[in-house]
Number of protein chains: 2
Amino acid sequence: MRHCHKWGQKFQDYGFRLTVSREAILEVLSNSNTHLSAEDIYLAVHSGNPAIGLTTIYRTLELLEHTGIVSKFEFGHGRAKYELAEEFSNKKHHHHLICKKCRKVIDYEDFITEEKEYITKAEIGLQNKYGFDIDNHIIHFYGICPECKTG
Amino acid sequence: MRHCHKWGQKFQDYGFRLTVSREAILEVLSNSNTHLSAEDIYLAVHSGNPAIGLTTIYRTLELLEHTGIVSKFEFGHGRAKYELAEEFSNKKHHHHLICKKCRKVIDYEDFITEEKEYITKAEIGLQNKYGFDIDNHIIHFYGICPECKTG
DNA sequence: TTGATAATGAAAACCATTTCCAACTATTGA
DNA sequence: TCAATAGTTGGAAATGGTTTTCATTATCAA
Ligand SMILES: [Mn+2]
Ligand SMILES: [Mn+2]
Ligand SMILES: [Zn+2]
Ligand SMILES: [Zn+2]
């Protein structure tokens, strides 16, 4: 095992090999504090290792999402965005505030205590009523950001 | 004014013409109680009026979303889904429970009282802190449905 | 080493959505 | 009534993010 990052073990536990490309992609994701598109990651990885192709980025992201190491978001802007999952990130549990005009996405960590209370109650109730095993949720607020209001 | 549907007025208030195609599309949307893709709507509309093209479906849906008559959802399954907005639908305020395996989407209206309490507080707080004008929110729960668990 | 299996890059395919454009339709004002 | 104007339309083509294909290469266990 090359590195002993927290994600490395989990990834290998799934039977996947921790290759140079895959580590480079995870490196980019953990050094970023925003949401990255596949192309963003491709360009960043490329500067250190130009041999890595875009196909590998997509394939790796699929595995990382499947293993729960990264979270994939569709904000409705035509391309998926990725970020390290809560468990592997230095970011806290957060949700998203999205400007409908300029498409800016803000991470916010406010009101998480109140949220947790509501989410927990809803999850338990929905699991009982609909028989789902719920393991994830998404909350997005949509509006117009201050820059777009005045601009 | 051909019909006096609640949406007709709003649509024309925006300066758009209420054409046969557009009414046909709205008719399909209001007779459905699930989320429809552009192609779903195209096929349904086609049975009554084969002259209406897919391009018109997309164009009309864009206008309807812009005027707030329909809501557009990206569940992450490759195609957008549409449903009549709360104000024009006979459905109540609801959110979505999504199976990660079979991609089934369940509308639920449970825990809306508790939700409203949390959402209102968060909206006000976020508007103050980040200066956004928030007018919409989305809550999705992801998990595995009972059929996919046993199947 | 060796052989089996997994991972890779480049090019091509895919496919939902958008764009273009020429024809058509509704509205307006002489 | 009749243009002139502006809005709407369908089909074909283009777009662009993502996935598939396939031949080659890297990894790992024996
Ligand atoms: Mn985020
Ligand atoms: Mn719904
Ligand atoms: Zn903005
Ligand atoms: Zn299912």
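Rules of the game
Residues numbered from 1 in each chain as written. Chains lettered and ligands numbered in written order. Predicted model: local features only at pLDDT ≥ 70, side-chain atom pairs only at ≥ 80, totals over all residues. Heavy atoms only, no water. Donors = N, O, S within 2.8 Å, 3.2 Å for Na, K, Ca; no water. Tetrahedral: all angles 85-135°; square planar, octahedral: opposite > 155°, others 65-115°. Helix = DSSP H or I, 4+ residues; strand = E, 2+ residues; numbered from the N terminus. Contact = heavy atoms within 4.5 Å. Buried area = accessible area lost by both parts, 1.4 Å probe. Salt bridge = Lys/Arg side-chain N within 4 Å of Asp/Glu carboxyl O. Polar contact = N/O pair within 3.5 Å; in protein donor to acceptor, adjacent residues only side chain to side chain. Nonpolar A, V, L, I, M, F, W, Y, C, P; charged D, E, K, R; others polar. Near = heavy atom within 4 Å. Pairing = 2+ DSSP bridges. Axes fitted to C-alpha atoms, helices over the stretch in contact; angles between N-to-C directions. Phe/Tyr/Trp six-rings, centres within 6.5 Å; stacked < 30°, edge-to-face > 60°. Buried < 20%, exposed > 50% of the residue type's maximum accessible area, 1.4 Å probe, protein only.

Asks: Could you clarify how one ought to interpret the coordination of the manganese ion (ligand 1) in this entry?
Replies: Each pair of donors in an ideal octahedron of six around a metal sits at 90 or 180 degrees, and each pair in an ideal tetrahedron of four sits at 109.5 degrees. All names here are of chain A. All of the protein donors around the manganese ion (ligand 1) are His 35 (NE2), Glu 83 (OE), Glu 83 (OE), His 94 (NE2), His 96 (NE2) and Asp 107 (OD); their distances to the metal are 2.1 to 2.8 Å. With 6 donor atoms in place around the manganese ion (ligand 1) and angles of 48 to 165° between them, the coordination shape is irregular. On the primary sequence, the residues serving as donors to the manganese ion (ligand 1) are separated as H-x47-E-x10-H-x1-H-x10-D. Residue His 35 is located in the loop between helix H2 (20–31) and helix H3 (38–48), and its partner His 96 is located in strand E3 (residues 95–99); the two are separated by 61 residues in the primary sequence.

Asks: I keep staring at the interface of chain B and chain A and nothing clicks. Help me out?
Replies: A common way to report how large an interface is uses the accessible area buried once the components associate. With 39 residues of chain B at the contact, the number on the chain A side is 39 residues. Between chain B and chain A, roughly 3,700 Å² of surface is buried when both sides are summed, and carbon and sulfur atoms account for 67% of that area. Per-residue buried area on chain B facing chain A is highest for Tyr 118, Phe 132 and Phe 141 of chain B; these three make up 21% of the total on that side. Applying the counting criterion to the chain B and chain A interface returns 6 salt bridges. Between Lys 149 of chain A and Asp 133 of chain B there is a salt bridge, with its nearest N and O atoms 3.2 Å apart. The tally of links between chain B and chain A comes to 18 residue pairs in polar contact (both at pLDDT 80 or more). Mapped onto the side of chain B that touches chain A, the elements with two or more residues apiece are strand E4 (95–99), strand E5 (105–108), helix H5 (112–130), strand E6 (133–144) and helix H6 (146–150) of chain B. In terms of residues, the side of chain B that touches chain A owes the most to one element, E6 of chain B, which gives 12 residues. Along the lines of polarity and charge, the residues of the side of chain B that touches chain A split into 20 nonpolar, 7 polar and 12 charged.

Asks: Which parts of the structure should I look at to understand the protein's contact with DNA strand D?
Replies: Taken together, 18 residues sit near DNA strand D, with Tyr 58 and Arg 79 of chain A together with Thr 19, Thr 56 and Arg 59 of chain B positioned nearest. Expressed as a percentage, the sugar and phosphate content of the atoms of DNA strand D within 4 Å of the protein is 71%. A distance of 3.4 Å separates a phosphate oxygen of DNA strand D from a polar side-chain atom of Ser 21 of chain B. Separating a phosphate oxygen of DNA strand D from a backbone N or O atom of Gly 53 of chain B is a distance of 3.3 Å.

Asks: In this structure, what is going on with the sheet that holds strand E4 (residues 105–108) of chain A? I would like to understand it.
Replies: Hydrogen bonds between backbone groups are what pair the strands of a sheet, and the pairing can be parallel or antiparallel. The 6 strands lie next to each other as E4(A)-E3(A)-E5(A)-E6(B)-E4(B)-E5(B), forming an open sheet whose pairing is mixed. The open sheet has two free edges, formed respectively by E4 of chain A together with E5 of chain B, since each of these has just one partner strand. Averaged over all pairs of adjacent strands, the angle between strand axes in this sheet comes to 25°, irrespective of strand direction. The sheet contact formed by E4 of chain B and E5 of chain B spans 4 bridges and is antiparallel. Pairing of His 96 of chain B across the sheet is with Asp 107 of chain B, part of E5 of chain B. Sheet strands in contact with H5 of chain B are E3, E4 and strand E5 (133–144) of chain A together with E4 and E6 of chain B, and its direction is about 130° off that of E6 of chain B.

Asks: Teacher, can you tell me more about the sheet that holds strand E1 (residues 36–37) of chain B here?
Replies: Read across the open sheet, the 3 strands follow the order E1-E3-E2 (chain B); overall the sheet is antiparallel. Single-partner strands in this sheet number two, and they are E1 and strand E2 (70–73) of chain B.

Asks: Sorry, what's going on with the packing of aromatic side chains here?
Replies: Here the distance between the centres and the angle between the planes together describe a pair of aromatic rings. Applying the stated criterion to the full structure yields 9 aromatic pairs over all chains. Plain terms: the ring middles of Tyr 108 of chain A and Phe 141 of chain A are 6.2 Å apart, the flat faces sit at 55° to each other, and that makes the pair tilted. Of this pair, Tyr 108 of chain A sits in strand E4 while Phe 141 of chain A is found in strand E5, placing the two residues 33 residues apart along the sequence. Among the residues examined, Phe 141 of chain A registers a relative accessible area of 0% and is labelled buried. Here the aromatic rings of Phe 11 of chain B and Phe 16 of chain B are separated by 5.3 Å at their centres, their planes lie at 45°, and the arrangement is tilted. Judged by its relative accessible area of 0%, Phe 11 of chain B falls in the buried class. Classification of Phe 16 of chain B as partly exposed rests on a relative accessible area of 23%.

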